[in-house]
Amino acid sequence: MIESGKSCRIYYLTGTGNSYFSASTISNLAEESGYNVLCSPVDSLRKKEISRASKNDIVVLCYPTHGFSLPWHMLKFVFKFPAGRAKFILVNNRAGMKMGKLFTPGLSGIAILLPMLLMLLKGYRISALVPLDTPSNWISIHPGLRQKIIESIISRRKTELEKAWRKVSLGKIYCPLKFLILLPLDILVVPISFGYMLFGRFLLARTYLADPGCDGCGICADRCPVSAIKMIGERPWWTYKCESCMRCSNVCPKKAVNSSVPLMAIYTILLLAVIKTEVFTIAVRYLSGLSSLVPYNLVYYLVIWIIVIAGSWIIYLPIHYLNRISLFGYFFAFTTPMKFWRRYIAPGFRGRSIRHQTPSERL
């Protein structure tokens, strides 16, 4: 229970620990400032545990940026969050990198703009907007970063969070210059943001496979923050709930979980085949003619993606079983560069969501 006085409620969703780093750092800073802190992982919270924040509270939301948007699971949490008059802090963790001595930023897209709008509509007041460039964990695209680079990025981000909290504790609004500088680019990638949220995440969920090194331990399913993995025939099966948070790939002790390049190539071929099909074009024109309220192009693209997503499921089903045959399993494993790359877990993160204890809970 939160005692009377100043309180800071922190809610986070994390895959490989970057958002946990943000949440735990702010938690420590808030405690040092005399706040009563409650820090909870969104994936383990029940609705009755989320009470309305008072006017003097600070609500902090920490979450990753996926496809220039926020994870669907986090967006649903923001939608359901009770209205209030408290101040809020948004920390969206982006794909930070370091090249030589240059720290490069990621892009937010709608990852900070959409929850900001929703919180304002619910009556909350902006306290800080923090696009935080934590180490990139997208190991389906690049190898996990070297430990020295990770430590230098984390150190820099901790300093940034400390600066933000100092402003907040003085009653000021914190909005870094990089947010304003990159805002035009964030707005430019908004179509990609919505495209990923509505369609892209479903295709990525159908690229994950466990190679022949998988021993069926079930760690990936047990630690998935959104319960998107089921064990079928002692092998993991990724459902459409998957947010591509990369935790499964990074906690697998056998490094057996990979995002398959051949599968993504198959889905791309399927997409091109659908677009070029004359029967498909005729059918879409017929459907769009049924309603003058829906633009033809919108119907066209919606039908394309529905067919491709459905087709990806049909393709994924037999491949899941064929992948248990060594010949197929090794083909998909060794034609995917990710198989040979370093993995990434944020420093101090144990590979599962952790509920922070308040000072009173520790006694």
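Residues numbered from 1 in each chain as written. Predicted model: local features only at pLDDT ≥ 70, side-chain atom pairs only at ≥ 80, totals over all residues. Heavy atoms only, no water.

Peer 1: Which parts of the structure should I look at to understand the overall build of the protein?
Peer 2: Assigned secondary structure in the protein consists of 13 helices and 11 strands. Residues classed as buried in the protein amount to 53% of the 363 residues present. Considering only contacts in the protein between residues 6 or more positions apart, those separated by 24 or more positions represent 81%. Surface exposure of the protein reaches about 17400 Å², of which carbon and sulfur atoms provide 64%. (Helix = DSSP H or I, 4+ residues; strand = E, 2+ residues; numbered from the N terminus. Buried < 20%, exposed > 50% of the residue type's maximum accessible area, 1.4 Å probe, protein only. Contact = heavy atoms within 4.5 Å. Areas by Shrake-Rupley, 256 points an atom, 1.4 Å probe, with all protein chains shown as cover.)

Peer 1: What exactly am I supposed to notice about the pairing of strand S2 (residues 36–41) here?
Peer 2: Regular strands have side chains that alternate between both faces of the sheet. In terms of burial, S2 is largely enclosed, as six of its six residues are buried. Along S2, one buried face is formed by Asn36, Leu38 and Ser40 and the opposite face, lined by Val37, Cys39 and Pro41, is buried too. You can see the chain leave strand S1 (residues 7–12), run along helix H1 (residues 18–32) and come back into S2, and the turn it takes is right-handed. (Right-handed = clockwise from strand over helix to strand, strands pointing away.)

Peer 1: Sorry if this is basic, but what is going on with the packing of aromatic side chains here?
Peer 2: Two aromatic rings, taken as a pair, are described by how far apart their centres are and by the angle between their planes. A full pass over the atoms with the stated rule returns 14 aromatic pairs. With a centroid separation of 5.3 Å and an interplanar angle of 75°, the aromatic rings of phenylalanine 331 and phenylalanine 332 are classed as edge-to-face. Under the relative-accessibility criterion, phenylalanine 332 is labelled buried at 9%. Here the aromatic cluster, defined as three or more aromatic residues joined through ring pairs, consists of Tyr11, Phe77, Phe81 and Tyr124. (Phe/Tyr/Trp six-rings, centres within 6.5 Å; stacked < 30°, edge-to-face > 60°.)

Peer 1: Please explain the packing of helix H2 (residues 72–80) against helix H3 (residues 113–121) as it appears in this structure.
Peer 2: The axes of two packed helices give the description: the angle between them and the distance between them. Running from amino to carboxyl end, H2 crosses H3 at an angle of 15°, the nearest separation of the two axes being 9 Å. Judged on the interaxial angle alone, H3 and H2 are roughly parallel. In this structure, H2 meets H3 at a crossing whose hand is left-handed. Residue-level inspection shows Leu75, Val78 and Phe79 of H2 in contact with H3, the latter providing Leu114, Pro115, Leu118 and Met119. (Axes fitted to C-alpha atoms, helices over the stretch in contact; angles between N-to-C directions. Parallel < 35°, antiparallel > 145°, perpendicular 65-115°, else oblique. Left-handed = near helix turned anticlockwise from the far one by under 90°.)

Peer 1: Hey, could you run me through the nonpolar core in this one?
Peer 2: A general tendency of soluble globular proteins is for nonpolar side chains to be buried together. Counting 33 residues, the largest nonpolar core has Cys8, Ile10, Ile89, Val130 and Trp165 as its most contacted members. Listing elements by their share of this core, those giving two or more residues are S1, H1, S2, strand S3 (58–64), strand S4 (87–93), strand S7 (125–132) and helix H4 (147–169). A total of eight residues in this core trace back to one element, the largest contributor, which is H4. Look past the residues within four positions of isoleucine 89 in its chain and what remains in contact with it is Ile58, Val59, Val60, Leu61, Ser127, Ala128, Val130, Trp165 and Val168. In this structure, Ala205, Tyr208, Cys248 and Leu263 belong to the second largest nonpolar core, which totals 32 residues. (Core = buried A, V, L, I, M, F, W, Y, C linked by side-chain atoms within 4.5 Å.)

Peer 1: Honestly, a positive patch on the surface in this entry has me stumped. Any pointers?
Peer 2: Positive charge collects at one region of the surface, where Lys76, Lys80, Lys230 and Lys241 lie side by side. Note on lysine 76: relative accessible area 36%, which makes it partly exposed. (Patch = residues over 30% accessible without salt bridge, like charges linked within 9 Å, V, L, I, M, F, W, Y side chains within 5 Å. Salt bridge = Lys/Arg side-chain N within 4 Å of Asp/Glu carboxyl O. Lys, Arg positive; Asp, Glu negative; His and termini not counted. Charge placed at Lys NZ, Arg CZ, Asp CG, Glu CD.)

Peer 1: Even after reading the chapter, I still don't get the sheet that holds S1, so can you show me in this structure?
Peer 2: Sheets are built from strands paired through backbone hydrogen bonds, the pairs being either parallel or antiparallel. Read from one edge of the open sheet, five strands run S2-S1-S3-S4-S7, paired in parallel fashion. Edge strands, defined here as strands with exactly one partner in the open sheet, are S2 and S7. In this sheet, adjacent strand axes meet at a mean angle of 15° when their direction is disregarded. With seven bridges connecting them, S4 and S7 associate as parallel partners. What sits directly across from lysine 87, in S7, is arginine 125. Here H4 sits on the sheet in contact with S1, S3, S4 and S7, set at roughly 170° to S7. (Pairing = 2+ DSSP bridges.)

Peer 1: How should the environment of histidine 73 be read in this particular structure?
Peer 2: Mapping histidine 73 onto the fold places it in helix H2. Separated by 30 residues in the primary sequence, histidine 73 and aspartate 43 have C-alpha atoms spaced 8.1 Å apart. Every residue in contact with histidine 73, bar those within four places of it in the chain, is listed here: Leu13, Val42, Asp43, Val226 and Glu243.

Peer 1: What exactly am I supposed to notice about H3 here?
Peer 2: An α-helical turn contains 3.6 residues, so a residue and the one three or four places further along point in the same direction. Among the residues of H3, Leu114, Pro115, Met116, Leu118 and Met119 are the ones counted as buried. Summarising the contacts, the buried residues of H3 are in contact with S3, H2, S4 and S7. Positive phi shows up at glycine 123, right after H3, with a value of about 100°.

Peer 1: Explain unusual backbone geometry to me, please; I cannot follow it from the model alone.
Peer 2: Working note: non-glycine residues mostly have negative phi, and peptide bonds are mostly trans. Within the chain, phenylalanine 68 stands out as a residue other than glycine whose phi angle is a positive 60°. Structurally, the position occupied by phenylalanine 68 is in the loop between S3 and H2. Backbone geometry at methionine 246 places phi at a positive 75°, although glycine is not the residue there. Relative to the helices and strands, methionine 246 resides in the loop between strand S10 (235–238) and helix H8 (247–251). Looking at methionine 246, the relative accessible area reads 2%, which means it is buried.

Peer 1: Quick question: what am I supposed to make of the confidence of the model for the protein here?
Peer 2: Within the protein, residue pLDDT values average 87, and 89% of them lie at 70 or more. Scored below 50 in pLDDT, residues 358–363 shows 10 contacts in the model against residues more than four places distant or in partner chains. (pLDDT = per-residue confidence, 0-100.)

Peer 1: Whenever I open this one, the pattern of salt bridges confuses me. Can you help?
Peer 2: Two side chains with opposite charge may pair up if their charged atoms get near one another. Under the counting rule described, the total for this entry stands at seven salt bridges. Residue glutamate 160 pairs with arginine 157 through a salt bridge whose shortest N-O separation is 3.0 Å. With glutamate 160 and arginine 157 both in helix H4, this residue pair falls three residues apart, about one helical turn. For glutamate 160, a relative accessible area of 11% puts it in the buried group. The class of arginine 157 is buried, set by a relative accessible area of 7%. The salt bridge involving arginine 201 is made with glutamate 243; its shortest N-O contact spans 3.4 Å. Of this pair, arginine 201 sits in helix H6 (residues 190–205) while glutamate 243 is found in the loop between S10 and H8, placing the two residues 42 residues apart along the sequence. You'll find arginine 201 and glutamate 243 in the same group, each marked buried. In this structure, a network of salt bridges that share partners links the residues Arg94, Asp133, Arg157, Glu160 and Lys178.

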